[in-house]
Amino acid sequence: MRCLAPLFVFLSVTPAFACETALLLAVDVSNSVDATEYRLQADGLADAMRDPQIIETMIADQVAVAVVQWSGVGEQFVSIPWTRITDQAQAAQVSAQARSMERAFILSGTATGDVIRYAVPMFDQVPDCKRKVIDISTDGTANAGGDVRLVRTMAQRAGVTINGIGIESMGLTITNYLRAAVITGDGFVMTARTHRDYPAVIRAKILREITRVIS
């Protein structure tokens, strides 16, 4: 009788991701942002989290959201910890938290590199999320902290995408700075012509960030 050798079949297994995107929203509260402008940012985030299209997409993809306020060196504060958007109640909770969050810092500098360095390890808390995205909103260029380009490289090597909103007063100075020094190679920048334009832009930006296919 011929003896047949056992047959082993090796299959490559692709990891299953319960969460499509982990989105960390980094809000600039440096000295250049006054009380009214801060309120526009907080309310803009709150309104975006009540948008039906955003809610529908977040629920479908089990998106995780966190909000960090940032300013100068060593000044980063988690206003909303990672929250999975699994239903409309979770989205409403994040919206309410954003609308009621108190400003974390005043009269301080703009350390863009420091908030990136702070944010990257936070994604260890959401390891099942397929995409990792930092969304930086700012109305200024870095005037404190380390080299932003070096920290951007660190984030990119960790598989983190950095996108930006440049909040302008005139021209495209902030937008061009974000494009040149802050966003990663797979990132993008959108422009708010003033803080009053921020709510509409953050809504459009979040929609783009949580969409699986980005053109």
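Up top you'll find the structure we're talking about.
These remarks concern the structure in this document.

Each value, and the rule that gives it
Residues numbered from 1 in each chain as written. Predicted model: local features only at pLDDT ≥ 70, side-chain atom pairs only at ≥ 80, totals over all residues. Heavy atoms only, no water. Helix = DSSP H or I, 4+ residues; strand = E, 2+ residues; numbered from the N terminus. Expected span 1.5 Å × (residues − 1). Buried < 20%, exposed > 50% of the residue type's maximum accessible area, 1.4 Å probe, protein only. Polar contact = N/O pair within 3.5 Å; in protein donor to acceptor, adjacent residues only side chain to side chain. Salt bridge = Lys/Arg side-chain N within 4 Å of Asp/Glu carboxyl O. Phe/Tyr/Trp six-rings, centres within 6.5 Å; stacked < 30°, edge-to-face > 60°. Lys NZ or Arg CZ within 6 Å of the ring centre and 35° of its normal. Axes fitted to C-alpha atoms, helices over the stretch in contact; angles between N-to-C directions. Parallel < 35°, antiparallel > 145°, perpendicular 65-115°, else oblique. Left-handed = near helix turned anticlockwise from the far one by under 90°. Contact = heavy atoms within 4.5 Å. Nonpolar A, V, L, I, M, F, W, Y, C, P; charged D, E, K, R; others polar.

So, about helix α1 (residues 35-48). When the terminal C-alpha atoms of α1 are compared, their 20 Å separation across 14 residues agrees well with the 20 Å that a helix rising 1.5 Å per residue should span. Taken residue by residue, α1 has Glu37, Tyr38, Leu40, Gln41, Ala42, Gly44, Leu45, Ala46 and Ala48 as its buried positions. Between the side-chain oxygen of the N-cap and the backbone nitrogen of Thr36 there are 3.1 Å, and the N-cap of α1 in question is Asp34.

The subject of this paragraph is the pattern of salt bridges. Close approach of charged atoms allows side chains of opposite charge to pair. The tally for this structure, following the rule as stated, stands at 7 salt bridges. Its salt-bridge partner being Asp47, residue Arg99 comes within 2.7 Å of it at the nearest N-O pair. Remark: Asp47 occurs in helix α1 and Arg99 occurs in helix α3 (residues 88-100); sequence separation between them is 52 residues. Its relative accessible area of 43% is what places Asp47 among the partly exposed residues. Lys205 is paired through a salt bridge with Asp135; the nearest N and O atoms lie 2.7 Å apart. A residue pair is termed long-range when its members are at least 10 positions apart, and Lys205 in helix α7 (residues 198-210) and Asp135 in strand β4 (residues 129-138) qualify at 70 residues. Here the two residues Lys205 and Asp135 agree in accessibility, since each one is buried.

Turning next to helix α4 (residues 112-119). Working note: α-helix, 3.6 residues per turn, so residues spaced by three or four point in the same direction. Across the 8 residues that make up α4, a large majority, 6, are buried. Listed in full, the buried residues belonging to α4 are Thr112, Gly113, Asp114, Val115, Ile116 and Ala119.

With that settled, the discussion passes to the packing of aromatic side chains. Per the counting criterion, the structure on display carries 1 aromatic pair. When the ring of Trp82 is compared with that of Phe123, the centres are 5.4 Å apart and the planes differ by 50 degrees; the resulting orientation is tilted. One end of the pair, Trp82, is in strand β3 (residues 76-84); the other, Phe123, is in the loop between α4 and β4, with 41 residues separating them in the sequence. Here Trp82 and Phe123 have matching classes, each one buried. Lying across the ring of Phe188, Arg208 places its NZ or CZ 3.8 Å from the centre.

Two elements in contact, α4 and helix α5 (residues 148-157), have axes whose closest approach is 8 Å; the angle formed by their N-to-C orientations is 20 degrees. In terms of orientation, α4 lies roughly parallel with respect to α5. Crossing angle aside, the handedness with which α4 passes α5 is left-handed. Facing Thr112, Gly113, Ile116 and Arg117 of α4, the residues of α5 in contact are Val148, Val151, Met154 and Ala155. Its residues assigned to classes, the contact of α4 with α5 comprises 5 nonpolar, 2 polar and 1 charged.

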